[in-house]
Amino acid sequence: MEKPVVILIFTTVIMSLECFVQSDASTHQYKSGDDVPFYANKVGPFSNPSETYAYFDLPFCQPDNLEKKKESFGEALNGDRLTFAPYKLEFLADKDAKVICKKRLTKEEVAQFRTTVALDYYVQMYYDDLPIWAFLGMVEKDGIDDPNEYRYHIYTFYQFEIYYHKDHVIEIQVRVNPSFTVDVTNDEEVDVEFLYTVVWKETNTPFEKRMDKYTSSSSLPHHLEIHWFSILNSCVTIFILMSCMGAIYLRVLRKDIYNLAQDEEFSDNQEETGWKSLHGDVFRYPKCKYLLSSALGCGTQMLAVVVVILCLGVLGVFQPYDRGVLPTTLVIIYAITSAVAGFSAVSFYHQLEGSNSLRVLLLTGGIFSCPLLLTFFFLNTVAFNYGSTATLPLGTIVVILLLLVLLALPSLVLGAISGKRIRSEFQAPCHTTKCPREVPPQRWYRRVITQMAMAGLLYFAVIYIQLYYIFASVWGYRIYTIYSILFVVFILLLITTALISIAMTYIQLAAEDHEWWWRSFLCGGSTGLYLFGYSIYYYFSRSDMNGFMQTSFFFGYMACVSYGVFLMLGTVGFHACLLFVRLLYGCIKCE
């Protein structure tokens, strides 16, 4: 019991340090004239959320001493590169047309600004941990039909409007003054003067509610109606499934089981048909049981990670613009739950009378993490070549590798050792014959591809509406904060996966096909394929993302997420079918 306690303490210390590093930037209480932390973060094209660059990669006015904020682990994962902004916004200090600097833009700098304006670049900053966005410029298109004659202008005057309550900053807004712009259409040197104004206004909003404006959009009545409609749609789907399965049980299974129970044993002259004839083969161990055990172990880990993340979200741990808290928590929880993967994989493998635990352990550790790491290193290389802030620093990569080596790997091994020691025999109510029964030819609608397509479509119908909001949050700028609704939809998805997997397994057994092990896993995980298909649709039809870097990030990470969903729901479907088969064949008397 000492090692799990040590791991728990280690995790708590890491998360506490993370929260301390992030909250130490500001005490959030000021006196008149105090400096308030103001950081310039990053810039990037509005249509490509993953393609971001450091603020001073553009030729803005730089202070004499360019000072960078020491980023935390979570900020590095989030792609934040905070530097002290050139603006001075002291607490309660109004300013009128304050000049930042005057400079002469070279031809190269003019061309750089013109490119950013054409690509609709935005700038992100943080003032007292409150996020600020502003566009860099505008394209003059009115009355111009030829795109080659468009005029490009950059904004040079920002107006900051700050709201305060007692000694706290409550809200900040930034506006551009369209009367102050510089034309960067032509490749020629131009003089530019950057200015800003600051106006302070008092508000009655308390400090504890200053983040409510960022979460209110998710709770608007019309959005809530859509979310509740999604839940109602899922409940109706589950009700229909339960009704169908109840009808199958009452009309078919119950009748068969009743007839079989009339005799104390199967008579020699009684012909066995349908699922009843498979009692000697239905519990025959599957092919590649080491691979199935590893997939089930990793799927169980994915399930544990999602449940913990959703529970923390419901408890309010993840607040809008808590920089890097969610990715940090995700990395740590994934490392800790490796123990779950090792335990479930090895224990199930030994139930199937496997003898090579080491192979199962290595496969469990790499079946998901290896594709994820390969994808990560490829995308990190792409971001490095682009000079993007999405590139993780070497120190952050070292921390991740240390977490995997010092936390995830020991947890995996510890779970595997526990699974080997606590192993139990496989509970099968029927004896397995020595010679396997031949599987009869199946019609096209009973084949694995067809069943995966039908099952995955029903699963996908449960989460389709929520997917749009999740994609708009992860790959856009919408804020998703209704974790309670997401948790309910997730539970409904698990129930639907279990019910449909059981129905598909019964159809397979009724056709005298006893090889249900892998089929139940594949049918349960087929939602992952639909999820990746939806990501393709979203990229080309619902977003304006473009470019090699953004395309690589989107499809690279969506492939990993879809694969994780495939493993997780495949595990749910398999265990539901295993329980169903045990109960079904436990109701009949056979030798």
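Every value quoted in this text rests on a predicted model; they were computed, and no experiment measured them.

Asks: Quick question: what am I supposed to make of unusual backbone geometry here?
Replies: Despite not being glycine, aspartate 129 shows a phi value in the positive range, around 70°. Positioned with a positive phi, cysteine 288 is a non-glycine residue whose angle comes to about 55°. If you trace the backbone, cysteine 288 turns up in the loop between helix H5 (221-261) and helix H6 (289-314). Assessed through its relative accessible area of 41%, cysteine 288 is described here as partly exposed.

Asks: Sorry, what's going on with the state of the cysteines here?
Replies: The bond known as a disulfide is covalent and runs between the sulfur atoms of two cysteines. Taken as a whole, this structure holds 1 disulfide when the rule is applied. In this model, cysteine 61 is linked to cysteine 101 through a disulfide, with the two sulfur atoms separated by 1.5 Å. Residues cysteine 61 and cysteine 101 are joined by a disulfide whose S-S torsion is about -60°; by sign, that bridge is left-handed. With a gap of 40 residues between them, cysteine 61 in the loop between strand E2 (53-54) and helix H2 (73-77) and cysteine 101 in strand E4 (residues 95-105) connect regions that are remote in the sequence.

Asks: I'm lost on the side chain of threonine 185 in this one. Help?
Replies: Within the element layout of this structure, threonine 185 appears in the loop between strand E11 (181-183) and strand E12 (190-202). A polar side-chain atom of threonine 185 sits 2.8 Å from the main-chain amide nitrogen of tyrosine 152. Look past the residues within four positions of threonine 185 in its chain and what remains in contact with it is Arg114, Tyr150, Arg151 and Tyr152.

Asks: For this particular structure, what's the right way to read the nonpolar core?
Replies: In summary, soluble globular proteins display a tendency toward joint burial of nonpolar side chains. Judged by nonpolar contacts, the single largest core of 81 residues is most densely connected at Phe471, Leu509, Trp516, Phe554, Phe574 and Tyr585. When contributions to this core are tallied by element, the ones reaching two or more residues are H5, H6, helix H7 (325-336), helix H12 (448-474), helix H13 (483-510), helix H14 (517-525), helix H15 (527-542) and helix H16 (548-586). Per-element accounting of this core gives the leading share, 17 residues, to H16. Listed in part, the 51 residues of the second largest apolar core include Leu58, Met125, Val182 and Val190.

Asks: Would you mind going over the confidence of the model for the chain with me for this structure?
Replies: Considering every residue of the chain, the mean pLDDT works out to 85; 88% of them sit at 70 or more. A low-confidence stretch, residues 1-26 (pLDDT under 50), is modelled with 33 contacts involving residues beyond four sequence positions or located in other chains.

Asks: For this particular structure, what's the right way to read the pairing of strand E10 (residues 168-176)?
Replies: Strand residues, when the strand is regular, have side chains that alternate between the two faces of the sheet. With 8 bridges connecting them, strand E9 (residues 157-165) and E10 associate as antiparallel partners. Directly across from isoleucine 162, in E10, lies its bridge partner isoleucine 172. Hairpin connection of E9 to E10: 2 residues between the antiparallel strands, including lysine 166 at a positive phi of 60°.

Asks: What is the right way to read the sheet that holds E11 from this model?
Replies: As summarised here, the arrangement of the 3 strands in space is E7-E8-E11, forming an open sheet in which the pairing is antiparallel. Each edge of the sheet is formed by a strand with only one pairing partner; in this case those strands are strand E7 (137-140) and E11. Adjacent strand axes in the sheet meet at a mean angle of 30° when their direction is disregarded. Relative to E11, strand E8 (residues 151-155) runs antiparallel, the two being bridged by 3 bridges.

Asks: Would you explain H15 in this entry?
Replies: For an α-helix, the turn length of 3.6 residues means that residues three or four places apart are oriented alike. Looking only at H15, the buried set comprises Thr527, Gly528, Leu531, Tyr534, Ser535, Tyr538 and Tyr539. For H15, the buried positions fall inside an angular range of 140° around the axis, keeping them on one side. Opposite its buried face, H15 presents the exposed residues Leu529 and Phe540, each directed more than 90 degrees away. Tucked into the core, H15 has its buried residues touching H12, H14 and H16.

Asks: In this structure, what is going on with the packing of H6 against helix H9 (residues 357-366)? I would like to understand it.
Replies: For any two helices packed against each other, one specifies the inter-axial angle together with the distance between the axes. Across the interface, H6 lies against H9 with an axial gap of 9 Å and an inter-helix angle of 45°. Taken together, the axes of H6 and H9 lie oblique to each other. Here H6 runs over H9; the crossing is right-handed. Residues Tyr290, Leu291, Ser293, Ser294 and Cys298 of H6 form the contact with H9, whose participating residues are Arg359, Val360, Leu363 and Thr364.

Asks: Even after reading the chapter, I still don't get H14, so can you show me in this structure?
Replies: In terms of residue burial, H14 counts as a mostly covered element, since 7 of its 9 residues are buried. Along H14, the positions that sit buried rather than exposed are Trp517, Arg519, Ser520, Phe521, Cys523, Gly524 and Gly525. Looking at the buried residues of H14, the elements they touch are H6, helix H8 (338-351), H12, H13, H15 and H16.

Asks: What's the story with a nonpolar patch on the surface in this structure? I'm lost.
Replies: On the surface, Leu394, Val398, Leu402, Val405 and Leu406 cluster together into a nonpolar patch covering about 490 Å² of accessible area. Classification of valine 398 as partly exposed rests on a relative accessible area of 39%.

Asks: Explain the sheet that holds E4 here, please?
Replies: What links the strands of a sheet is backbone hydrogen bonding, and the strands pair in either a parallel or an antiparallel sense. Spatial ordering of the open sheet is given by E4-E12-E9-E10, a layout of 4 strands whose pairing is mixed. Looking at which strands have only one partner, the edges of the open sheet turn out to be E4 and E10. In this sheet, neighbouring strand axes are inclined to one another by 20° on average, regardless of whether the strands run parallel or antiparallel. The sheet strands contacting helix H3 (residues 107-118) are E4 and E12, and the helix crosses E4 at an angle near 120°.

Asks: Looking at this model, I keep getting lost on the environment of leucine 82. Mind explaining?
Replies: Examined against the element boundaries, leucine 82 turns out to sit in the loop between H2 and strand E3 (83-84). Separated by 27 residues in the primary sequence, leucine 82 and tyrosine 55 have C-alpha atoms spaced 8.4 Å apart.

Asks: Explain the packing of H12 against H15 to me, please; I cannot follow it from the model alone.
Replies: Two elements in contact, H12 and H15, have axes whose closest approach is 8 Å; the angle formed by their N-to-C orientations is 45°. Here H15 runs oblique to H12, going by the angle between their axes. Crossing of H12 against H15: the hand is right-handed. Of H15, the residues touching H12 (which contributes Met452, Ala453, Gly456, Leu457, Tyr459, Phe460, Ile463, Tyr464, Leu467, Tyr468, Phe471 and Ala472) are Thr527, Leu529, Tyr530, Leu531, Tyr534, Ser535, Tyr538 and Arg542. Of the residues that constitute the contact of H12 with H15, the class distribution is 16 nonpolar, 3 polar and 1 charged.

Conventions adopted
Residues numbered from 1 in each chain as written. Predicted model: local features only at pLDDT ≥ 70, side-chain atom pairs only at ≥ 80, totals over all residues. Heavy atoms only, no water. Helix = DSSP H or I, 4+ residues; strand = E, 2+ residues; numbered from the N terminus. Buried < 20%, exposed > 50% of the residue type's maximum accessible area, 1.4 Å probe, protein only. Disulfide = S-S within 2.5 Å. Polar contact = N/O pair within 3.5 Å; in protein donor to acceptor, adjacent residues only side chain to side chain. Contact = heavy atoms within 4.5 Å. Core = buried A, V, L, I, M, F, W, Y, C linked by side-chain atoms within 4.5 Å. pLDDT = per-residue confidence, 0-100. Pairing = 2+ DSSP bridges. Axes fitted to C-alpha atoms, helices over the stretch in contact; angles between N-to-C directions. Arc of directions from axis to C-beta. Parallel < 35°, antiparallel > 145°, perpendicular 65-115°, else oblique. Left-handed = near helix turned anticlockwise from the far one by under 90°. Patch = residues over 30% accessible without salt bridge, like charges linked within 9 Å, V, L, I, M, F, W, Y side chains within 5 Å. Areas by Shrake-Rupley, 256 points an atom, 1.4 Å probe, with all protein chains shown as cover. Salt bridge = Lys/Arg side-chain N within 4 Å of Asp/Glu carboxyl O. Nonpolar A, V, L, I, M, F, W, Y, C, P; charged D, E, K, R; others polar.

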